[in-house]
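So the chains spell out like this:
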Protein chains: 2
Amino acid sequence: MDLNELRLQINDVDKQMQELFTKRMRLCFQVAEYKIANDLPVFHKDREKEIINRVTNDAPDDLKGATRVYFQTMMDISKCLQYQQFFANADSVPYKPLILKGRHTVAVPGTNGSYNHIACSNLFDDFEPIFHEDFEDIFRAVSEGEAEFGILPIVNSTAGSVAQTYELMKEYDFKICAGTKLRISHCLAVKRGVKFDEIESVYSHEQGLQQCSDFIRENNFKTHRYANTSLAAKFIKDSEKPYAAICSENAAEQFGLDILRKNIQNATDNYTKFILISKETLKSENANTISVCLALPHQSSSLYRLLTKFSVAGLNLSMIESMPIANTDFDVVFYLDFHGAIDTPEVAKLLSELEQELSYFKFLGNYEEV
Amino acid sequence: MDLNELRLQINDVDKQMQELFTKRMRLCFQVAEYKIANDLPVFHKDREKEIINRVTNDAPDDLKGATRVYFQTMMDISKCLQYQQFFANADSVPYKPLILKGRHTVAVPGTNGSYNHIACSNLFDDFEPIFHEDFEDIFRAVSEGEAEFGILPIVNSTAGSVAQTYELMKEYDFKICAGTKLRISHCLAVKRGVKFDEIESVYSHEQGLQQCSDFIRENNFKTHRYANTSLAAKFIKDSEKPYAAICSENAAEQFGLDILRKNIQNATDNYTKFILISKETLKSENANTISVCLALPHQSSSLYRLLTKFSVAGLNLSMIESMPIANTDFDVVFYLDFHGAIDTPEVAKLLSELEQELSYFKFLGNYEEV
């Protein structure tokens, strides 16, 4: 057979497959309707297994694996459609509108001029920062009503995810209500009058030191970790010795330090994403990113099968990360970001489905990057 | 229709679908054979798009999304099978046997008694540690032949992935040749004679401070970051002030410190995974984990479609993580671990396929957790 003839035959097979696919989906709808009418549970694991076993058994040896995946995916698609029908009136997550105008209190890690502080000015025209040293204090400040909002770094383009922020988001029941991205440009700052050649040691946050590792190595500086880049700048101001801080120019100016070098980070494009958190679900009009956290069964292909749901709903992931669960011997939770808004039917249905199907599922917010 | 009748009809549809699926796969094999014989490129994006467009167009409105996913997955399965046929004789990644017996030099972050040092004793009966402060120095030591192996932490069950290790694995062309897991149990250690009530400040690595945050808060200690838990212990030994270190009991003993509290970490089960790296691909007999790093096209469902390949090959993921690429405005690479051995045909074929299909793909090693 030549190529054309083979293709015509494939087209013919595809036509028949499509008819059968449509027919099978309609039959599954009828099954679901029957079960709902008769108050029976809609999904039946054993029946699914029975089908998988039969078709795999009947498949020729070289197609057993492929046949299993093919039927499993088809049944997963069918299940998604049934959920869509089932949750046709799924309520969307209740939310209030996010209002950033006016004056707000925001819990901010670090001090004046910290990157968190700068990120905050991206989001608010007018705000009162309440500074805390540790990330956990930010969560506590919001939890106890000391601040309306909290701001935290979530991922950096050089140093990766901020694991502690993820961990705290899982622990506390807060929602992300906005995101913002900041180009991080570090400078080398010293107490007024200190010369470059006098510097032996540099102080900064661990991520700041990592992001400037090439510069540090070239100059053979000793490094010292500090809780925050802006607190490092403050420390330098108060220090007797010719130390230097790696911090934002903003922080250097705040503490009256001399800036000896600018843009000392390895990557010339060095970005950090920050999230704004609140107690309630607050959503801006143009919110387009949804973050969730979930656990999957310890089963082969369970992640693949989860992604089938997103694919059928036409929703695209922008981030995925498996993180170990504290206090276990490496069970994992997944953090996912995907594009969408909670008040659209496809998202409302998918969230209902995930909530229903998974042993652990947490909606973390629907927000826009400002 | 009652449930039984509906099910019989579904069974009948499934039987026909299976026949068509088998037929379609056989036709695709013939297409591939024809193309190989006539020296034509095997995969044809436009043809695939044409089919997707046609079937989506022909589908009833409520099944358009589902039909698209169904046909896309079927064609992806078919492509996997063609690759399997195509790469029937795919060479497995060349490797040498890993030999841990005898005396070896290992580059180790920190100093005597560091967790890295303890992890190393899990792997080797006899080794000469070469201590370096920074992770990048570990890579350099192996690269320059100062040490045969290097050891690094890769993920902790409380504080998450060690982003810098991932970043360096991408940058350097090294392979993981073994893994080991260590229960991390921190103690509070002081210079001989210092009393608990005198302590104001504690020194440790950032992850050590994070892992003991509850204990630190309860006692209202000030925290100071240090490059390494064992270097913090060394610093305490040499310090004049009544500081404390958070470190391993081992490190406390090495530096003759008094241990005032044991097991001070938040999670009672706190584990860290370490990897052993080498210049060449070294594989132990029972190696069962494969790590890879790859980039995916900016296309909807590209991750889902990647996982189709693993599913068809029957290979299970144990870890997935998307990480931003340094020096970009948030492009991501994916790190994946899956179960398997490079000298089995299904893995050899899958690795060839990934290498061939993806714009960026890196095999990071095949190893066993000891």
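Everything that follows concerns the structure shown earlier in this document.
Remember, predicted model here, so these are calculated numbers, not experimental data.

The rules behind each value
Residues numbered from 1 in each chain as written. Chains lettered and ligands numbered in written order. Predicted model: local features only at pLDDT ≥ 70, side-chain atom pairs only at ≥ 80, totals over all residues. Heavy atoms only, no water. Pairing = 2+ DSSP bridges. Helix = DSSP H or I, 4+ residues; strand = E, 2+ residues; numbered from the N terminus. Axes fitted to C-alpha atoms, helices over the stretch in contact; angles between N-to-C directions. Least-squares fit on C-alpha atoms with pLDDT ≥ 70 in both. Contact = heavy atoms within 4.5 Å. Core = buried A, V, L, I, M, F, W, Y, C linked by side-chain atoms within 4.5 Å. Buried < 20%, exposed > 50% of the residue type's maximum accessible area, 1.4 Å probe, protein only. Right-handed = clockwise from strand over helix to strand, strands pointing away. Salt bridge = Lys/Arg side-chain N within 4 Å of Asp/Glu carboxyl O.

Asks: Explain the sheet that holds strand β10 (residues 244-247) of chain B to me, please; I cannot follow it from the model alone.
Replies: Think of a sheet as strands paired side by side through backbone hydrogen bonds, with each pair either parallel or antiparallel. Residue and element names in this part refer to chain B. Spatial ordering of the open sheet is given by β9-β8-β10-β7-β11, a layout of five strands whose pairing is mixed. Each of the sheet's edge strands pairs with one partner strand only, and the pair in question is β9 (222-225) and β11 (258-261). Ignoring which end each strand starts from, the neighbouring axes of this sheet average 35° apart. As defined by bridge partners, strand β7 (residues 187-190) adjoins β11 across three bridges and the pair is classed as antiparallel. In the strand pairing of β11, V190 is matched with D258.

Asks: Just checking my understanding: could you explain the relation of the copies chain A and chain B for this structure?
Replies: Superposition of the two copies of the chain requires a rotation about an axis and a shift along the axis. Superposing chain A onto chain B requires a rotation of 180° together with a translation of 0.0 Å along the rotation axis, leaving an RMSD of 0.1 Å. Overall, the copies show the geometry of a two-fold rotation axis. Of the residues that chain A buries at the interface, 100% are likewise interface residues in chain B, meaning the two copies contact each other through the same surface.

Asks: What am I meant to see in the nonpolar core here?
Replies: One broad trend across soluble globular proteins is that nonpolar side chains are buried collectively. Formed by 98 residues in total, the largest nonpolar core has its most connected members in A:L306 and B:L306. Excluding residues that lie within four positions of it along the chain, A:L306 makes contacts with A:L294, A:L296, A:L336, A:L354 and A:L358.

Asks: What's the story with the pairing of strand β2 (residues 103-109) of chain B in this structure? I'm lost.
Replies: Within a regular beta strand, the side chains point alternately toward one face of the sheet and then the other, so they alternate between its two faces. Residue and element names in this part refer to chain B. Counting buried positions over the seven residues of β2 gives six, a clear majority of the element. In this fold, β2 hands off to helix α4 (residues 115-123), which returns the chain to strand β3 (residues 126-132); that crossover is right-handed. The pairing of β2 with strand β4 (residues 149-156) spans two bridges and is classified as parallel. Pairing of V106 across the sheet is with F149, part of β4.

Asks: Is there a simple way to explain the sheet that holds strand β7 (residues 187-190) of chain A in this structure?
Replies: Residues and elements named next belong to chain A. If you walk across this open sheet you meet the five strands as β9-β8-β10-β7-β11, and the pairing is mixed. Looking at which strands have only one partner, the edges of the open sheet turn out to be β9 (222-225) and β11 (258-261). This sheet shows a mean twist of 35° between the axes of neighbouring strands, independent of strand direction. Of the strands in this sheet, β7, β8 (201-204) and β10 (244-247) touch helix α9 (residues 229-238), which is tilted by about 155° from β10.

Asks: For this particular structure, what's the right way to read the environment of B:S291?
Replies: All names here are of chain B. Here S291 is to be found in strand β14 (residues 289-295). Here the alpha-carbon distance between S291 and K175, two residues 116 residues apart in the chain, equals 9.2 Å. Contacts of S291, omitting those with residues within four sequence positions, involve I176, L336, D337, K362, F363, L364, G365 and Y367.

Asks: Could you clarify how one ought to interpret the pattern of salt bridges in this entry?
Replies: Residue and element names in this part refer to chain A. Across all of its chains, the model carries 45 salt bridges over all chains by this definition. We note a salt bridge from D137 to R140, for which the minimum N-O separation is 2.8 Å. Of the two residues, D137 and R140 are both situated in helix α5 (residues 135-143); the distance of three residues between them amounts to about one turn of the helix. Each of the salt bridges in this network shares a partner with another, and the network as a whole consists of E48, D76, K79, R305, K309, E353 and E357.

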